[in-house]
Amino acid sequence: MQNNLNPPAPRWHSPWPWLTWLVGWALMLALDRHLDLANLAMLLMLTSVVASLWLPGGISAAASAAGVMVFNWAFVPPRFTFTVELHQHTLLLLAMLVANWIISGLMIRQRQLADAARQVAEREARLRSWGDTLRDAADPAAHASALHAALAEATQAPVAVSVLRGLGAQPEDDSTLHVGNANDEQRAGLALCIRDGRAMGSGTGRYDELPDGYLPLRGRGVTLGAALVCDMATLRHGPELRPHLQALCDQMGSALHRSLITAQAQRSREQAQLQATRNALLAAISHDYRTPLATMWERPQPCTTRPTSSTLTNAAAWPVASWRKRNA
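Residues numbered from 1 in each chain as written. Predicted model: local features only at pLDDT ≥ 70, side-chain atom pairs only at ≥ 80, totals over all residues. Heavy atoms only, no water.

I would appreciate a short explanation of the overall build of the protein in the present structure.
What the protein contains, in helices and strands, is nine helices and four strands. Shown N-terminal to C-terminal, the secondary structure of the protein runs as helices and strands in the order α-α-α-α-α-β-β-α-β-β-α-α-α. A total of 328 residues make up the protein; the buried ones form 34% of that total. A separation threshold of at least 6 residues defines the contact pool for the protein, and within that pool the share at least 24 residues apart is 62%. A total of about 20600 Å² of accessible surface is found on the protein, and carbon and sulfur atoms cover 61% of it. (Helix = DSSP H or I, 4+ residues; strand = E, 2+ residues; numbered from the N terminus. Buried < 20%, exposed > 50% of the residue type's maximum accessible area, 1.4 Å probe, protein only. Contact = heavy atoms within 4.5 Å. Areas by Shrake-Rupley, 256 points an atom, 1.4 Å probe, with all protein chains shown as cover.)

I tried to follow the environment of Ala 41 on my own but got confused; where do I start?
Inspection of the secondary structure puts Ala 41 in helix H2 (residues 37-51). By relative accessible area, Ala 41 is classed as buried at 2%. In this structure, the C-alpha to C-alpha distance between Ala 41 and Phe 71, residues 30 residues apart in sequence, is 8.0 Å. Apart from residues no more than four positions distant in its own chain, Ala 41 is found in contact with Phe 71, Leu 92 and Met 96.

Sorry, what's going on with a nonpolar patch on the surface here?
Side chains of Trp 16, Leu 19, Leu 22, Val 23, Leu 27, Leu 31 and Leu 35 sit close together on the surface and give an oily, nonpolar patch of about 620 Å² of accessible area. Along the chain, Val 23 turns up in helix H1 (residues 15-30). (Patch = residues over 30% accessible without salt bridge, like charges linked within 9 Å, V, L, I, M, F, W, Y side chains within 5 Å. Salt bridge = Lys/Arg side-chain N within 4 Å of Asp/Glu carboxyl O.)

I'm lost on the packing of aromatic side chains in this one. Help?
Describing an aromatic ring pair means giving the distance of the ring centres and the angle of the ring planes. For the structure on display, the rule yields three aromatic pairs. Between the aromatic rings of Trp 25 and Phe 75, the centroid separation amounts to 6.3 Å while the plane-to-plane angle is 5 degrees, which identifies the pairing as stacked. Taken together, the residues span a long stretch of sequence, with Trp 25 in helix H1 and Phe 75 in helix H3 (residues 57-75) at a distance of 50 residues. Here Trp 25 and Phe 75 have matching classes, each one buried. Arranged with centres 5.2 Å apart and planes meeting at 45 degrees, the rings of Phe 71 and Phe 75 form a pair that is tilted. (Phe/Tyr/Trp six-rings, centres within 6.5 Å; stacked < 30°, edge-to-face > 60°.)

How should the side chain of Ser 162 be read in this particular structure?
Relative to the helices and strands, Ser 162 resides in strand S1 (residues 159-163). Reaching out from Ser 162, the side chain makes a polar contact with the side chain of His 178 at a distance of 2.9 Å. (Polar contact = N/O pair within 3.5 Å; in protein donor to acceptor, adjacent residues only side chain to side chain.)

What am I meant to see in the pattern of salt bridges here?
A pair can form between side chains of opposite charge whenever their charged atoms are brought close. This model, assessed by the stated rule, comprises eight salt bridges. Residue Asp 139 is joined to Arg 165 by a salt bridge in which the shortest nitrogen-to-oxygen separation is 3.5 Å. Here Asp 139 is found in the loop between helix H4 (87-135) and helix H5 (144-155), whereas its partner Arg 165 is found in the loop between S1 and strand S2 (177-179), with 26 residues between them in sequence. By relative accessible area, Arg 165 is classed as partly exposed at 39%. Each of the salt bridges in this network shares a partner with another, and the network as a whole consists of Asp 115, Arg 118 and Glu 122.

Even after reading the chapter, I still don't get the nonpolar core, so can you show me in this structure?
Where a protein is soluble and globular, its nonpolar side chains tend to be buried together. In this structure, Leu 147, Leu 151, Val 163, Leu 217, Leu 245 and Met 252 are the most contacted members of the largest nonpolar core, which totals 30 residues. Broken down by secondary-structure element, the contributors of at least two residues to this core are H4, H5, S1, strand S3 (213-218), strand S4 (223-229) and helix H7 (238-298). Beyond its immediate chain neighbours, meaning those up to four positions away, Met 252 contacts Trp 130, Leu 134, Pro 140, Ala 141, His 143, Ala 144, Leu 147, Val 163 and Leu 217. Of all hydrophobic cores here, the second largest spans 19 residues; its members include Met 28, Leu 37, Phe 71 and Met 96. (Core = buried A, V, L, I, M, F, W, Y, C linked by side-chain atoms within 4.5 Å.)

Looking at this structure, how should I read the sheet that holds S1?
In sheet architecture, strand pairing relies on hydrogen bonds along the backbone and comes in two forms, parallel and antiparallel. An order of S2-S1-S4-S3 is seen for the four strands of this open sheet, with the pairing classed as antiparallel. The sheet is open, and its two borders are formed by S2 and S3, each paired with just one other strand. Put simply, the sheet's adjacent strands are angled 15 degrees from each other on average, direction ignored. Bridge count for S1 against S4 is five bridges, and the pairing is antiparallel. Its bridge partner being in S4, Val 163 is matched across the sheet by Gly 225. (Pairing = 2+ DSSP bridges. Axes fitted to C-alpha atoms, helices over the stretch in contact; angles between N-to-C directions.)

Pasting the structure below:
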């Protein structure tokens with residue numbers, strides 16, 4: 001699988017640190033006749049500190065050391081040699097070198113902390129946006145492409161996603177939704193991850209020899225898919241990024257589980273309503289068939305029953321009572 005994503009260029013590829021050094025040396029050469037050696041040394045330190053805003057630690061330290069050597073060659077008497085006549089000049093050069101390294105190290109550390117805070121904020125915003133998307137989705141499986149895009153954006157690496165379309169479905173079913181390219185071995189890894197419901201790959205404790213990472217889409221007690229991150233072991237922030245990727249996958253798994261449970265409950269209610277309607281219809285039909293039979297069974301009874309004196313008395317008195325009730 002080819003990576004079609006372009007990772008960001010390293011900071012030292014930016015022209016700004018080298019432009020800073022160029023401007024700094026131009027200022028020192030232009031002000032050579034107007035400033036003493038100590039002030040020129042301060043300009044060198046300022047240039048090194050500003051350039052360290054973009055340069056990584058090793059390159060910044062090497063650039064500072066090279067700058068001090070060139071400063072010694074260009075400005076410290078005797079000029080255009082690396083010889084130092086006065087001990088105070090030697091102390092000045094050493095102090096410049098150590099100060100440059102300390103200040104550059106502090107600036108690099110602050111930059112790393114700022115980058116880490118920015119990454120955390122981006123991950124939180126990505127999780128919040130992804131959660132809002134799934135919460136408003138009638139069919140979360142339709143957003144498998146969105147999950148694929150979110151994982152690719154977070155890792156800057158090729159990814160693939162497999163989503164089951166029902167409870168109890170198997171990865172080999174034709175209804176399984178696949179997004180992204182994966183070879184046969186990677187498809188087998190996705191199927192195994194779905195069955196086991198646990199992450200696999202480097203740093204997971206399961207199949208650490210695999211270069212790729214496999215993350216399950218977990219619901220409540222069920223796994224409804226898996227995600228593949230190619231070359232997970234070579235990612236720069238792989239161990240720190242894995243919990244974020246798993247949180248994205250778990251949100252998808254939970255949304256899929258809720259959707260399938262809701263659809264199953266709706267089908268159960270519809271079946272219960274259909275059964276209740278069927279029972280009511282059968283009860284009405286059986287009542288309609290039973291009523292004429294009961295009437296036919298009850299009519300012969302007066303003929304087979306011997307009338308008593310009380311029965312005859314009540315029968316004779318009934319017309320009189322009925323006439324009085326009508327004329328009351």
